[in-house]
Structure formats: structure tokens, C-alpha cells
Amino acid sequence: MCVSKSYSVYLAYYLSHNIFPEGKPLDFAFIGGFNFSFALLVAPFATLMTRLYGVRAPMFLGVVLLPSGFIGASFASKVWQLYLSQGICVGLGVGLIYIPATAIIPQWFSKKRSLANGICSAGSGIGGLIICFSTQAMLNSVGLVWSLRITALVVFFINLVATLLIRSRNKEIQPDQRMFNFRLLGSYQVKLLLSWSFVMMFGYITLMFSLSDYALAIGSSNSESATVAAILNLGAAFGRPLIGYASDRWGRVEVAGILTFTCGILVFVLWMPTTLYSVLLVFAFISGAILGVFWAVSCQSVLHIQNLQVTDIPRR
Amino acid sequence: MRNSASASFESGDETFDLNSNDVSSPPDGGYGWVCVLGQFFINGFTWGVVAVRCQRAKNLLN
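Residues numbered from 1 in each chain as written. Chains lettered and ligands numbered in written order. Predicted model: local features only at pLDDT ≥ 70, side-chain atom pairs only at ≥ 80, totals over all residues.

**Description of the overall build of chain B**
Put simply, the rule is: Numbering of helices and strands runs from the N terminus; a helix is a DSSP stretch of H or I covering at least four residues, while a strand is a stretch of E covering at least two. For the exposure call, what matters is how many other C-beta atoms sit within 10 Å of a residue's own: 20 or more marks it buried, 12 or fewer exposed, and in between partly exposed, using C-beta atoms placed from the backbone.
The helix and strand tally for chain B stands at 2 helices and 2 strands. Taken from N to C terminus, the helices and strands of chain B fall in the order β-β-α-α. Taken over 62 residues, chain B has a buried fraction of 40%.

If you want it as C-alpha cells, here you go:
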């Protein structure tokens, strides 16, 4: 999920064209980080809004906030304005759209839940690739200001249509929508699941963020190392639905265990010994596919602790 | 779902029943696939838009 690069396309542009002379590189990194942190921090509020006004209310708010952030950024002339617009506003928008939406799929799917989640999470890889390349092209042709505004427009319409398509089954199942259900933390299964996610994240982040750097380290060019990141994305896009299908069929814990173990082995036998770019590409594709296991398998359990009927949570 | 036969566990004073097969059991398809399509686009055009990959930035900084 973290490999797509639209913001870093802007980041590179801000830095190389000296758009915000008083902004330090660290400022721009923080603004990107704000996207993630505010998207996740808004979760309790999004859940509260869902409970009070239904699942589409927070999503519509996000559909407006997300493009507003980009429009705001197109008018920004100071770094703090960029913090507010492309940092906080965009982050809040993402969280308000994404968090209520994640609770919907498990309401519709039980046996095919991992497959459905896998297909959904493949969207972030594909969307990331599309946005990354189109942003780069727009920056070159129409410039910064209009590429931000066009992005805002496209993002607004696609998310609006997607929000209108989504329908919750809250009326049918009346889920538990407490912001946090602390009692769940007491259960052994949930503790194990959270520990697994925690440990898994070490491997996930390490791979995601260092693979293309490694490409540079073995002497590949910048564009080759960008290709490694793209192949990782592509692997994720193919792998997630497949892993989802396998999990539904052979059990989620079993598939997750076997795949993460395989990935661990591959790190030692494929990644570490190699200094060949081609082998690295193969490794990027396979590990990209395997790493999706976290989103295909665990997300459905972890995220829905917040927003799903309690009787439905600890699916294996 | 494998071995969901008698799956329930207790936590505090609440018991969570893992196989509630009343009206709430998911249809596993139907309009659900439209929701999958919606969620696919949402993932693509929320996370896809913002997600930070610092590669290019790092190249510039170094």
C-alpha cells in the first residue's frame, strides 16, 4: 500500500523547483506522513458519524475534504498552508472515506471474504500506478497548479461514484458500533492477532521501503529502482486476490502462515545473495504478492474490530 | 469458514458467538460485488493518491 508515489511525485517537484523556498525537506516528508496519521486518527470520529448518520455520511464528508485539500494546495504559497491542505485535509478525507468503507465488505461476504478483500486491496496498487504516472505526465504538460486541480476533480468524481455504489447492510445486521470495544482486547485470539500484525509490519515496512533502495545499492539506475517499486505494486495487485481466494479455500491462518514463512525463506535465498537486477525483479514480484497477505487476511479482522457486529469478528 | 462448528469464546462477561446464522448471515455475492467494485476504486483513489513513497524524494536529497 505504501509503494505508490503520487505524493512523492509532488514532493520531488516542490523540492526541485523550489516552490516553497522556506520549506525544508523534512517539512515535505512530514506533510506526507500527515496523510497517513490523520487518515488513521480520524477513525473513531468516522465510526461515530457512521453510527449517528449512516455509513455514507462520513464518506461524503471525505469525498469533499479530499479534493479540497488538493485544491487548497494549488493555492498554497507558504509551507504551513501546505501542511493544512495537502497534509491534514487530504489525510482526513482519506480516513473518512476509507475507514467506513472497510466495514462494508465483511457484511456482504463470509465464505468469499478474503477474495473480496483481496480484490479491493488490489485497487490501491493499481490506483497508485495510474495516479503516479498521470501526475508525472500532468506536471510536465500543464504544470503544478493545474495538475493538483485536475487530480482533485478526478478524485472527487471517482470517490463520489464509488460512495454511491456502496451499500451497507447495517439495517439487516445492526452491528456493534462502539468506537472501541475494549472487552475484545481481553480475548486471547485478538491479542494473538494484534501481535501477529505488529510483527508482520516489521517485515512489511522493511521490504516495501528498502527494496528499491537496494536496487540502487547494487548499481541500478534511478528509473530501474523505480521499476522495482512498480513491480512490487504489480505483484501486490496480482497476489492479493489470489491470496484471498486461497485463504477462503484452505483457511486464513494456514495460508498466512505458509506464505509469510515462504517470504522469509525467499529473503535469505533470493534477495540477500543476489546482486542481479533481474533476480531482484523476480523477488519484488513474488514478495509483493505475498506481502498482500497482511491486507487480505488481517485487515478484515483487525479493522472490523471497530465497526462490525461483534459476533462476526474473530474469523480465522 | 473452516471449523466454525462450535466456535465461540468468552471475554470478560460477554460471550461472542461466532456462527450466527440468522438474517444477518452475509449473502456472499449479489450486490456485494458492486460494493467490491466501489471499494476497489476507493482504495485506488484514496490511498493510491496519497501514499508516500520517498524514493524520488530521497534521490533528490542525496
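Now that the structure has been shown, we can carry on.
**Topic: the confidence of the model for chain B**
Detailed reading of the predicted model is not advised wherever pLDDT is low. Residue and element names in this part refer to chain B. Our working definition: Every residue gets a pLDDT, meaning the predictor's confidence in that residue, from 0 to 100. By the convention adopted here, residues make contact when the C-beta atoms placed from their backbones lie within 7 Å.
Taken as a whole, chain B shows an average pLDDT of 60; of its residues, 42% reach a score of 70 or greater. Confidence, expressed as mean pLDDT per element, reaches its minimum in chain B at helix H2 (residues 55-61) with 40 and its maximum at helix H1 (residues 32-50) with 87. Scored below 50 in pLDDT, residues 1-23 shows 32 contacts in the model against residues more than four places distant or in partner chains. For residues 52-62, every residue scores under 50 in pLDDT, and the model assigns this stretch 34 contacts once sequence neighbours within four places are set aside. Here the prediction assigns the complex a pTM of 0.69, and the interface score ipTM is 0.72.

**Digging into the environment of Ser212 of chain A**
Residue and element names in this part refer to chain A. Inspection of the secondary structure assignment puts Ser212 in helix H11 (residues 188-217). Residue Ser212 is classed as buried on the basis of its 30 C-beta neighbours within 10 Å. Each C-alpha atom, one on Ser212 and one on Ala284, is 9.1 Å from the other, the two residues being 72 residues apart in sequence.

**A short note on the nonpolar core**
All names here are of chain A. To keep things clear, this is the line we draw: The nonpolar core criterion groups buried Ala, Val, Leu, Ile, Met, Phe, Trp, Tyr and Cys residues into a set whenever they are joined through C-beta atoms within 7 Å. Where each domain begins and ends follows an automated or database-derived domain assignment.
Counting residues in hydrophobic clusters, the biggest one holds 83 residues, and the most contacted among them are Val94, Leu96, Ile97, Tyr98, Ile104, Ile105 and Val228. The biggest single contributor to this core is helix H5 (residues 79-102), with 11 residues. When we break this core down by domain, the ones giving at least three residues each are domain 1 (6-113 + 123-170) and domain 2 (182-309).

**Focus: the packing of helix H8 (residues 144-165) of chain A against H1 of chain B**
Defined as follows: With axes taken as lines fitted to C-alpha atoms, and helix axes fitted only over the stretch in contact, angles between N-to-C directions fall between 0 and 180 degrees. For classification purposes, angles smaller than 35 degrees are called roughly parallel, those larger than 145 roughly antiparallel, those between 65 and 115 roughly perpendicular, and all remaining angles oblique. Crossing handedness is defined as follows: a turn of the near helix away from the far one that is anticlockwise and smaller than a right angle gives a left-handed crossing, while the clockwise case is right-handed.
Between H8 of chain A and H1 of chain B, the least distance of the axes is 8 Å, while the angle of their chain directions is 155°. One finds that H8 of chain A runs roughly antiparallel with respect to H1 of chain B. Two packed elements cross with a definite hand, and for H8 of chain A against H1 of chain B that hand is left-handed. Between H8 of chain A and H1 of chain B, the contacting residues are Thr151, Val155, Ile158, Asn159, Ala162 and Leu165 of chain A on the first element and Val34, Cys35, Leu37, Gly38, Phe41, Ile42, Phe45, Thr46 and Val49 of chain B on the second.

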